[in-house]
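As a plain string of letters, each chain reads:
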Amino acid sequence: MALKSLGYVGVESTKLEDWEGFATRLLGMQKVDAAAKVRAFRMDDRQQRLVVTGAEHDGLGFLGWEVESKADLDELAARLDNAGVAVSKGTRALADERRVADLIAFRDPGGHRVEVFHGQEISPDPFKPGRPISGFKTGPLGMGHIVMNVATVDDLLPFYRDLLGFHITDYGLSPYPLYFLHINGRHHSFAMVGSGKRSFHHFMVEMQSFDDVGQGYDLAQLEEGRIAYTLGRHTNDHMTSFYAHSPSGFFVEYGWGAQVIAPETWQPFETFDGPSLWGHERLHLPEEQRARMRNMRLDAAARGVRVPDPNCAWLASVVAKESVVAQESVVAQESVVDQEQ
């Protein structure tokens, strides 16, 4: 049994009409369904990727993870059952609603509804974006990634890693525990932030062209308060992106250029440079917290931290050596502080 990718995301919202405009005119998705209390959107050849359901509150509704076959689905159901996780088999009506052949559903330790399916429907019609874009980077990498705020990573990490089969890509412990996990070549399909809160932080969609992101950034800036994080670049997955406030209060990351990893040989490691190399000014945060994140970026810049250039082997080796030296320096400083204490 192996999860392949993030297949779909379900959102509950009090603002269906706002979601329709946000998903099509800003993100560039294609609206495919507009029932009384449901809005569904395409990103590629799959029949639907994002489902927004009318509700009395706003937040995450469900996550849909894909497996290869019914045999994989049955094996996972048995594994969860043996671990004491309550699993329900999706009805035929629910599978039709999700546009999949079959599915199971359960709750993770944080209470989030998780669905695992096989056989997602392929549309016979070509994808028609809501605005002119080059398209979304999906395929074997899946829809994108999701990030959760969690009270503690102690319960969710064993569940996703040991039971569902996610693998740690990298992690940071300062200024809060932050774990990134992969199931395919996408740097992370799932991440958790040990912020002490329980909420949906964001989902990410990756574009085929940097210009798609830049033009989306222009559109987002036309709306007062739409930008949550300014344009910036992440240290670990190398994504260049901005974050927008969704109509449901959580964020949507809109990015381009993330590294694709080799899961077979990847070794997890701890990161020390903070979440962003530059940019990503968190406009939604109080100034004190913004300053702390800004100082981490300035410190990384002062130490010459750069993303390796795949077209320059020499530069890649220099950056790698600088990163090792920087990490050794941090460890040495922490050791001195421990001895003094």
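Residues numbered from 1 in each chain as written. Predicted model: local features only at pLDDT ≥ 70, side-chain atom pairs only at ≥ 80, totals over all residues. Heavy atoms only, no water.

What to know about the side chain of His202
Working step 1: Here His202 is to be found in strand β13 (residues 199-206).
Working step 2: On the basis of relative accessibility, which here comes to 4%, the residue His202 falls in the buried class.
Working step 3: Polar side-chain contacts of His202 include one of 3.1 Å to the side chain of His145.
Working step 4: Not counting residues up to four positions away in its chain, the partners in contact with His202 are His145, Ile146, Val147, Tyr243, Phe251, Val252 and Glu253. (Helix = DSSP H or I, 4+ residues; strand = E, 2+ residues; numbered from the N terminus. Buried < 20%, exposed > 50% of the residue type's maximum accessible area, 1.4 Å probe, protein only. Polar contact = N/O pair within 3.5 Å; in protein donor to acceptor, adjacent residues only side chain to side chain. Contact = heavy atoms within 4.5 Å.)

Details of the environment of Ala77
Working step 1: With respect to the helices and strands, the residue Ala77 is situated in helix α2 (residues 70-82).
Working step 2: Along the primary structure Ala77 and Ile104 are separated by 27 residues, whereas in three dimensions their C-alpha atoms are 7.3 Å apart.
Working step 3: Apart from the residues within four sequence positions on either side, Ala77 is in contact with Val87 and Ile104.

Notes on the packing of aromatic side chains
Working step 1: With the rule as written, the count across this model stands at 20 aromatic pairs.
Working step 2: Considering the side-chain rings of Phe166 and Phe190, the 5.9 Å spacing of their centres and the 55° angle between planes classify their relative orientation as tilted. Of this pair, Phe166 sits in the loop between α4 (153-163) and β10 (167-172) while Phe190 sits in strand β12 (residues 190-193), placing them 24 residues apart in sequence. Phe190 matches Phe166 in its accessibility class, with the two residues each being buried.
Working step 3: Here the aromatic cluster, defined as three or more aromatic residues joined through ring pairs, consists of Trp65, Phe106, Phe159, Tyr160, Phe166 and Phe190.
Working step 4: The ring centre of Phe62 lies 3.6 Å from the NZ or CZ of Arg98, which sits over that ring. (Phe/Tyr/Trp six-rings, centres within 6.5 Å; stacked < 30°, edge-to-face > 60°. Lys NZ or Arg CZ within 6 Å of the ring centre and 35° of its normal.)

Looking at the pattern of salt bridges
Working step 1: According to the stated counting rule, one finds 24 salt bridges in the structure shown.
Working step 2: Among the salt bridges present, the one from Arg303 reaches Asp273, with a minimum N-O distance of 2.8 Å. Of this pair, Arg303 sits in the loop between α6 (287-302) and α7 (313-340) while Asp273 is found in the loop between β17 (269-270) and β18 (276-279), placing the two residues 30 residues apart along the sequence.
Working step 3: Looking at Arg303, the relative accessible area reads 30%, which means it is partly exposed.
Working step 4: Shared partners join several salt bridges into a network, and the residues in it are Glu281, Glu287, Arg290, Arg294 and Arg297. (Salt bridge = Lys/Arg side-chain N within 4 Å of Asp/Glu carboxyl O.)

Brief notes about the sheet that holds strand β8 (residues 113-120)
Working step 1: Spatially, β2-β3-β4-β1-β5-β8-β7-β6 is the arrangement adopted by the eight strands of the open sheet, whose pairing is mixed. This sheet does not close on itself; its edge strands, each paired only once, are β2 (30-35) and β6 (88-89).
Working step 2: Bridge analysis of β2 against strand β3 (residues 38-42) gives five bridges, and the strand direction is antiparallel. Across the sheet, residue Asp33 finds its bridge partner in β3, namely Ala40.
Working step 3: Against the sheet, helix α1 (residues 16-26) makes contact with β1 (5-13), β2, β3 and β4 (50-54), and its axis sits at roughly 5° relative to β3, the strand it touches most. (Pairing = 2+ DSSP bridges. Axes fitted to C-alpha atoms, helices over the stretch in contact; angles between N-to-C directions.)

Section: the confidence of the model for the protein
Working step 1: Overall, the prediction assigns the protein a mean pLDDT of 91, with 90% of residues at 70 or greater.
Working step 2: The low-confidence segment residues 312-316, where pLDDT is below 50, has three contacts with residues more than four positions distant or belonging to other chains.
Working step 3: Throughout residues 329-341 the model reports pLDDT below 50, and contacts reaching past four residues in sequence, or to other chains, amount to one contact. (pLDDT = per-residue confidence, 0-100.)

A look at the side chain of Asp212
Working step 1: Examined against the element boundaries, Asp212 turns out to sit in helix α5 (residues 210-221).
Working step 2: Within the buried core, Asp212 has no salt-bridge partner, and the shortest N-O distance to an opposite charge, that of Arg131, equals 5.3 Å.
Working step 3: Of note is the side chain of Asp212, whose polar atom sits 3.0 Å from the backbone nitrogen of Ser134.
Working step 4: Asp212 has contacts with Arg131, Pro132, Ile133, Ser134, Gly135, Met207 and Tyr254, leaving out every residue within four places of it along the chain. (Lys, Arg positive; Asp, Glu negative; His and termini not counted.)

Examining the sheet that holds strand β14 (residues 227-234)
Working step 1: With respect to topology, 10 strands assemble into an open sheet ordered β17-β10-β11-β12-β9-β13-β16-β15-β14-β18, the strand pairing being mixed. Strands with a single pairing partner mark the edges of an open sheet, and in this sheet they are β17 and β18.
Working step 2: Two elements, strand β15 (residues 240-245) and strand β16 (residues 251-256), share six bridges in a ladder whose sense is antiparallel. Residue pairing across strands places Tyr243 opposite Glu253, the latter belonging to β16.

Section: unusual backbone geometry
Most peptide bonds take the trans configuration, and most residues that are not glycine carry a negative phi.
Working step 1: For Arg99, which is not a glycine, the phi torsion comes out positive at approximately 65°.
Working step 2: Within the element layout of this structure, Arg99 appears in the loop between α3 (92-98) and β7 (100-107).
Working step 3: Here the phi dihedral of His238 falls at roughly 70°; this positive angle occurs in a residue that is not glycine.
Working step 4: Among the structural elements, His238 can be located in the loop between β14 and β15.

What to know about the nonpolar core
Working step 1: Grouped together as the largest cluster of nonpolar side chains are 61 residues, with contacts concentrated most on Val9, Met29, Leu50, Trp65, Val116, Ile146 and Phe203.
Working step 2: The biggest single contributor to this core is α4, with six residues.
Working step 3: Excluding anything up to four places from it in sequence, Val9 contacts Arg49, Leu50, Val51, Leu60, Phe62, Leu63, Met143, Ile146 and Phe203. (Core = buried A, V, L, I, M, F, W, Y, C linked by side-chain atoms within 4.5 Å.)

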